[in-house]
Every structure is written in C-alpha cells, then in structure tokens.
Amino acid sequence: MVEMGAGARTGSVAAGGFTVIDRHPPAPDVLAAVREGLARRPRQLPAWLLYDRRGSELFAEICRQPEYTLTATELELLRRHAAALCAGCSPGTLVVEFGAGSVEKVSPLLQALAAPAYLAVDISASALQEVGQRLQAAHPTVPMLGLCADYGDLPDLPLPADWATRPRLGFFPGSSLGNFDPAEACRFLAALRPLLGERGQLLIGIDQPRDPTALEAAYDDGAGVSAAFALNLLQRLRLELGADVDPGGFRYRATWEADHSRVAMALVSVGPQRLRLADLEVVFADGEPLITEYSYKYTPAAFLALAAQAGWSGVDRRCDDADGFSVHRLQPAAAAPDCSASAV
Ligand SMILES: C[S@@+](CC[C@H](N)C(=O)[O-])C[C@H]1O[C@@H](n2cnc3c(N)ncnc32)[C@H](O)[C@@H]1O
C-alpha cells in the first residue's frame, strides 16, 4: 500500500491476520495541504505529513530517547490504572485508537476489558500493517482492524456490520491532541462524540506545561533523532511530490512559546533559498522558519475547559507523581458542543 494515497479510498490490505482499510487522503489532497501550508505565515506543514514509513520509525526512536519521557510515563499510567480507566465499559467494547503508531499503549486496555474489539486508526499505512500483525499475534482472540485515514477528517468509521452495535471507547494517547491548535482541538473532540456514540467514552493522554528546558530537550534530543524526524519531511516532499528542495539548507529548532503554551518545532532556513513544487516557487529568507508541528500543552483545568466546550465531561484523571502528564477519562456531557469560544 502506498503512503501518499493512490486515490483508492476504499481498498484494503490483509496480511498476518490483520486487515488495513485504506482511506489515506489521495495525492492531490496531499499536494493541496502542502500548498495551503506553504502559503501561511509562518509557513507550516500539516503534522501528519511527518509520518511515512521512515517518519514512523524515527518517531518510535524518539520515544526511546532519555529526554522524551512522555511514552514511558503514559505507559506506566495505563498499566497501573487500566482497570479504573476502563470502569463503566461494557463487555464487547470496541476500542478505537486515534494515531495508533506503534500500538504499544493499548495492550493494558485490551487486557482490562471483557471481550473487546480493536480498531487502530493511523495515517501511516505501512507502520499500521506491521504493528497490527504483531498486536494481533499478542492478542489472538481480540478481533482487530486497521484504518489508514486522517483522523482529523473522519466522517464515519467503516466497521463490519457485527461491530456496529458495540459500545465504543476512544483512545487518543501520546498527547497528540497538542498537534492541533486549541480551536482545531475543540472541533476534533466535538467530532468524536458522534463517532463514539452517546454511550461512548474517551481516554486521552495530555502533556502539561512544565520546565521549558526539559520540554525543549524532549523535542530536540541530544542524539538528533527529533531533527532527523523533521528533516525527513523535506525528503518526503522530494521523493513523493517531486519537490526541488535541499534538506541540507535547513537546521532544526524546538522552542517553548509560553504565550501560546506550546512547543514550536521548525526547520529554519540557513541562508536564502528556494523550494519548488509543481508550479509553486517558495522563497525562504535567511532564518525563516518552516513549522513542522506544534505541541500544545494543557494544564488539567485548561484541558477540561476545552473538553467541556467540545461536549465532554471529565470523570477520572490519572497522573504521574510529578503531575506533569495526565490520562483523562471523558464521557459525553449533557450540553452540546460549542467551539465558538475556544481560542489559543
Ligand atoms: C505522536 S505519534 C503518537 C503515537 C502513539 N499513539 C504514541 O502515543 O506513542 C502520532 C501518531 O499519530 C499518527 N497521526 C498523526 N497525525 C494523524 C492524522 N491526522 N490522522 C491519523 N493519524 C495521524 C502518526 O502516524 C503517529 O503514528
């Protein structure tokens, strides 16, 4: 299966007992997203473009760097509190994981639930196929499927008919909500309500603002894996979209921006240079950043306020000893979503 979508929106690939349904955005949509991002000020590419096969491998390596403590912290919370976090889930619950990545974090939930099923959603088809086979082998009795799609544009879940009535537990780990700005985050969470249904619940991992030096180091590790991850995006533009750009002409930077409560990750142009893509020519000034992703951080109170605007109410929160990272359990609120007030 190709990463950049060959236009097939309904294909599927099965291997090793794990089937992936392909709804990757087709190539023209990818090009349009790149065009739109390059026209912004500052220029900013969609974070999901970071994840092709190589990008997914590099992200898995980032998770093993000593500066990036998020993965180990969240995994420990899930292992320790799986039973409490799954409280209230009926037998037969379908776990829908958004941005499943290396699917390392879902096992404690699958073990805590009675007769679960599992749907892994991710933009990176090749990663999904490989890790899905491994997860299926580790949980042979759990029915599983993969869905290669943009979770920010998911009108429905293509489920087998006999899964349709299962109650749903959304799972969004890794603080990936932070890749959206707050208004987008509200709209994304609001869109999950109909996807997960009125009996649905949502488990979501949220990273909190803390020591700026530690946060910047987490996204700019000493081994240079975060830098390689960001630079891979330019390789991807070259190899898959035919862009004429020199990755060597950019250096990587991660900066804590306190006013926005976010880490900004950027490729900074070293000297003036041009990027050509299809009929587009973009001129970068010396020092001009190309934002590869933001990672917004939320205090528990700020996150719960955002969730409330999106129509969710918090029923449980588990955090590490330093209270720097939380897994929240949410259920649909009585009030309908209203994202008009959400701002940066
Ligand atoms: C930050 S990684 C987190 C991976 C894993 N969930 C974890 O917690 O370690 C984000 C994951 O979400 C996927 N992803 C990013 N943006 C996406 C999007 N818009 N739609 C679907 N998947 C996306 C990436 O391919 C990647 O696997």
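Residues numbered from 1 in each chain as written. Predicted model: local features only at pLDDT ≥ 70, side-chain atom pairs only at ≥ 80, totals over all residues.

K.L.:
Would you take a moment to explain the pairing of strand 2 (residues 18–23) for this structure?
P.N.:
Regular strands place side chains that alternate from one sheet face to the opposite one. Judged by how many residues are buried, strand 2 sits mostly within the fold: 5 of 6 residues are covered. Across 4 bridges, the pairing between strand 1 (residues 12–15) and strand 2 is antiparallel. Bridge pairing in strand 2 places V13 opposite V20. Where strand 1 folds back on strand 2, the antiparallel hairpin that results is connected by 2 residues, among which G16 adopts a positive phi of roughly 55°. Direction of pairing for strand 2 relative to strand 6 (residues 144–149): parallel, over a ladder of 4 bridges. Following the sheet pairing, R23 is matched in strand 6 by A149. (Buried ≥ 20, exposed ≤ 12 C-beta atoms within 10 Å, placed from the backbone. Helix = DSSP H or I, 4+ residues; strand = E, 2+ residues; numbered from the N terminus. Pairing = 2+ DSSP bridges.)

K.L.:
Can you help me understand the domain arrangement of the chain in this one?
P.N.:
Where interface size is given, it is often the accessible area lost as the parts come together that is meant. When its domains are assigned, the chain resolves into domain 1 (41–65 + 212–296) and domain 2 (70–210 + 298–341). With centres defined by C-alpha atoms, the gap from domain 1 to domain 2 works out at 26 Å. Facing the 17 residues of domain 1 at the interface are 17 residues of domain 2. Put simply, the parts of the chain that give the side of domain 1 that touches domain 2 at least two residues each are helix 2 (53–62), helix 7 (212–218) and strand 13 (289–296). (Domains from an automatic or database assignment. Contact = placed C-beta atoms within 7 Å.)

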